[in-house]
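Topology and contacts: notes
These are the residues of each chain, in order.
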Amino acid sequence: MSLLVVGLSHRSAPVSVLERASLAADTQAKLLQDTLAAEPATEAAVLATCNRIELYADVDKFHAGVAELSTLLAQHSGVGLEELTPYLYVHYEDRAVHHLFSVACGLDSMVVGEGQILGQIKDALARGQELHTAGRLLNDLFQQALRVGKRAHSETGIDRAGQSLVTFGLQQLAAGADPALWAGGKRALVIGAGSMSSLAAATLARTGVAEIVVANRTRARADRLVEILQQGDDTAVRARAVEMSAVGDELTRADIVVSCTGSTGLVLTADALADALGVTLDAAPEAPAVTAVAPAPDDVDQHAAWVENGSAASAASAAYAGPATPRRVTVPAQSTGPVRLALLDLAMPRDIDGAAHRIAGVRLVDIESLAEASADAPMAADVDRVRTIVSDEVAAFGAAQRAAHVAPTVVALRTMAADVVAGEIARLDGRLPDLDEKQRAEITQTVRRVVDKLLHAPTVRVKQLASEPGGAGYADALRELFDLDPQTVAAVSRADLNDPNRGRS
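So, here is what we can say about the structure in this document. If you're wondering where the values come from, they're calculated on a predicted model, not measured in any experiment.

Brief notes about helix H12 (residues 219-231)
Helix length check: H12, at 13 residues, gives a terminal C-alpha distance of 19 Å against a target of 18 Å (1.5 Å per residue), a fit within 8%. Residues Ala-222, Leu-225, Val-226 and Leu-229 constitute the buried set of H12. Viewed end-on, H12 has its buried residues packed into an arc of 100°, placing them on one side of the element. For H12, the exposed residues set more than 90 degrees away from the buried face come down to Ala-220 and Gln-231. Buried positions along H12 lie against helix H11 (195-207), strand S6 (211-215) and strand S7 (238-242).

Next comes the structure, spelled out in C-alpha cells:
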C-alpha cells in the first residue's frame, strides 16, 4: 500500500474555485466514507481549511487511486471534474509525506510560518479516527506531522517569517499603519465563535480596540468567547455577545468587522452594509479592477487537464508535469476616501459580499486579497532551517515505515521458532521422562539460546535493510525463506494495529 494525496490550494487554484469547492463537515464525512468504499483505498483523511482541500489515502494502485480520488473530490465539492482537474495537484509516497510535513510547518500556508494549520491537521486526524477511516499509515503520518510542525516552531524562528492570517489581515486593513495605533479605540464586531473568530477576537483585544461584540448562531458559544476575552490578563477590552439577528444594528456602530463562520451563503450582503452606512449601493461608483499576476506555485505538482478522454494514466503523468505557469487574477480595487467600516472576511466560502468594495467608505480584505498581498511577503532565513527539518523527518518517517513493514514478519519468525523449540522439548520429555526439573530447564534454555543466536543476525540485518529505500522486499524474502504462513504475519499486523496504546504521544 502507498500514500497518495490529491488536492487543491491557494497555490494551485484561484480563490473563486476554492470557495466553490469548500466542504462542510457532513460533506467531509461522506467523502471519507465514499473513499473507503472505493476499491483503491483502504484508509482516508481530509484536510480542509480556508485555503486548501486535500484528500489523503492509502492506495494499492496509483493510477486508479488518482482517478478515483479526483472524481470523489469533484463529486463532493460540487465543482465538475473537467473544471476542477486543472487545479488539482498529486503527491505520492515520500513526496506526499514531504507535502504534509511542509504544510504542518507552515511552509505551504498563505502566510508562511502561521501555526493555525497544526490545529486543523489535528482536527483532520480526529475526524478520521472518529469515523474509523484513518488506519495505521494515516495515524502515523498525521501524528508525526504534528510533531514535525511543533519541532519547527520550537527549534527555529519560523514564527518570525510570517504571522497568523488574522494579524496579516489586520495589517492589510491598516494599509501600512501600525495596526495597534490604527485599531486603538475602535469598536469591533466579530461574527462567528469558532477557532478563527476566537483568534481574531483575541488579536483585536491585544491591539487595543475599545469594544468587541461577538455574534454567533449559537449564543452559548458567543457568551463563552466573551467570558474568555474578559478574563484575559493582558487586555482590558469591553466585550459582549449578541444574537445574529442583532448584526444589522451592530454594523451601524462598528468600525471593524471580522467574519468567519461556517455558513454556505453570504452573512453580510452589500445591501445590508450600505444600509448600515446610510448610503445607496447603486449610487456608489464602480471602482476599476486591478489585474495582477500571481506567482507560479513553488514546488507544486500540477494535476493538469486530462487527455485521452480523461484516462487515469494521463492524469498520473500530468501529476508530475512540473510547476504551473503564472495565473492572472483580477482583484476589485477598493473605493477611495476615508474608511468608515473596515471588513476582514476570513471565511471560505466567503461571508461578506464582494460587492462591498463598491460602497463608499468601506475597505474589504478577504482571502483572495490576502493571497495576493502575501505573495510578496519576505521570507525569513529560518525557512531554510525548517526545510532541512522537513527533509530529515521525511527520511526518518520513511525508514520507520519500512522497518514497521518487516516487523510482523520478524515477530512471526520468532513465534514459529518458539513453537519449534516447544515441540522439540515436548518430544524430549517423551523420550527422557526421568529428567528432573533442573535438567529439563537447562536443556530448554540451551536450545532457546541456540535458536536465538541463529536468528539474531538475520533478523537484525533484515530490519536494517528494510529501513533503507527499496527495502520492502526483504520481508517477502524472509517469509519465503522460512516458509512463514502469510495468515500468521497478517494476524500479527492486525494485533499491532488494534493495540489501543499504539501511536499515543
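A short note on the pairing of strand S2 (residues 41-49)
Side-chain direction in a regular strand flips from residue to residue, so the side chains alternate between the two faces of the sheet. With respect to burial, S2 is a largely interior element, seven of its nine residues being buried. Judged from the eight bridges that link them, S2 and strand S3 (residues 52-59) form a sheet pairing that is antiparallel. From the neighbouring strand, Leu-47 faces S3, where its bridge partner is Glu-54. What sits between S2 and S3 in their antiparallel hairpin is a turn of two residues.

What to know about H11
Compared with an ideal rise of 1.5 Å per residue, which puts 13 residues at 18 Å, H11 spans 18 Å between its outermost C-alpha atoms and is within 8% of the ideal. Inspection of H11 places Met-196, Ser-197, Ala-200, Ala-201, Thr-203, Leu-204, Ala-205 and Thr-207 among the buried residues, and these make up the whole buried set. Remark: Gly-208 follows H11 within two positions and exhibits a positive phi of approximately 100°.

A short note on the packing of helix H6 (residues 116-130) against helix H7 (residues 136-155)
Interaxial distance between H6 and H7 falls to 10 Å at its minimum, and their mutual angle equals 165°. Considered as vectors, H6 and H7 are oriented roughly antiparallel to each other. Between H6 and H7 lies a crossing of left-handed hand. On H7, the residues that touch Leu-118, Ile-121, Lys-122, Ala-124, Leu-125 and Gln-129 of H6 are Leu-138, Asn-139, Phe-142, Gln-143, Ala-145, Leu-146, Gly-149, Lys-150 and His-153. Class assignment for the residues of the contact of H6 with H7 results in eight nonpolar, five polar and two charged.

Some thoughts on the packing of aromatic side chains
Counted under the stated rule, the structure contains three aromatic pairs. Ring plane angle 55° and centroid distance 4.6 Å describe the contact between Phe-62 and Tyr-92, whose orientation is recorded as tilted. Of this pair, Phe-62 sits in helix H3 (residues 62-77) while Tyr-92 is found in strand S4 (residues 89-92), placing the two residues 30 residues apart along the sequence. This pair shows no difference in class: Phe-62 is buried, exactly as Tyr-92 is. On the basis of an interplanar angle of 80° and a centroid distance of 5.9 Å, the ring pair of Phe-101 and Phe-397 is categorised as edge-to-face. Placement of Phe-101 in helix H5 (residues 94-104) and of Phe-397 in helix H17 (residues 382-431) is noted, with a sequence separation of 296 residues between them.

A look at the nonpolar core
Leu-4, Leu-165, Leu-204, Ile-212, Ile-256 and Leu-346 are the most contacted members of the largest nonpolar core, which totals 70 residues. Formed by 35 residues, the second largest nonpolar core is a distinct cluster that contains Leu-3, Leu-47, Leu-138 and Phe-397.

Analysis parameters
Residues numbered from 1 in each chain as written. Predicted model: local features only at pLDDT ≥ 70, side-chain atom pairs only at ≥ 80, totals over all residues. Heavy atoms only, no water. Helix = DSSP H or I, 4+ residues; strand = E, 2+ residues; numbered from the N terminus. Expected span 1.5 Å × (residues − 1). Buried < 20%, exposed > 50% of the residue type's maximum accessible area, 1.4 Å probe, protein only. Arc of directions from axis to C-beta. Contact = heavy atoms within 4.5 Å. Pairing = 2+ DSSP bridges. Axes fitted to C-alpha atoms, helices over the stretch in contact; angles between N-to-C directions. Parallel < 35°, antiparallel > 145°, perpendicular 65-115°, else oblique. Left-handed = near helix turned anticlockwise from the far one by under 90°. Nonpolar A, V, L, I, M, F, W, Y, C, P; charged D, E, K, R; others polar. Phe/Tyr/Trp six-rings, centres within 6.5 Å; stacked < 30°, edge-to-face > 60°. Core = buried A, V, L, I, M, F, W, Y, C linked by side-chain atoms within 4.5 Å.

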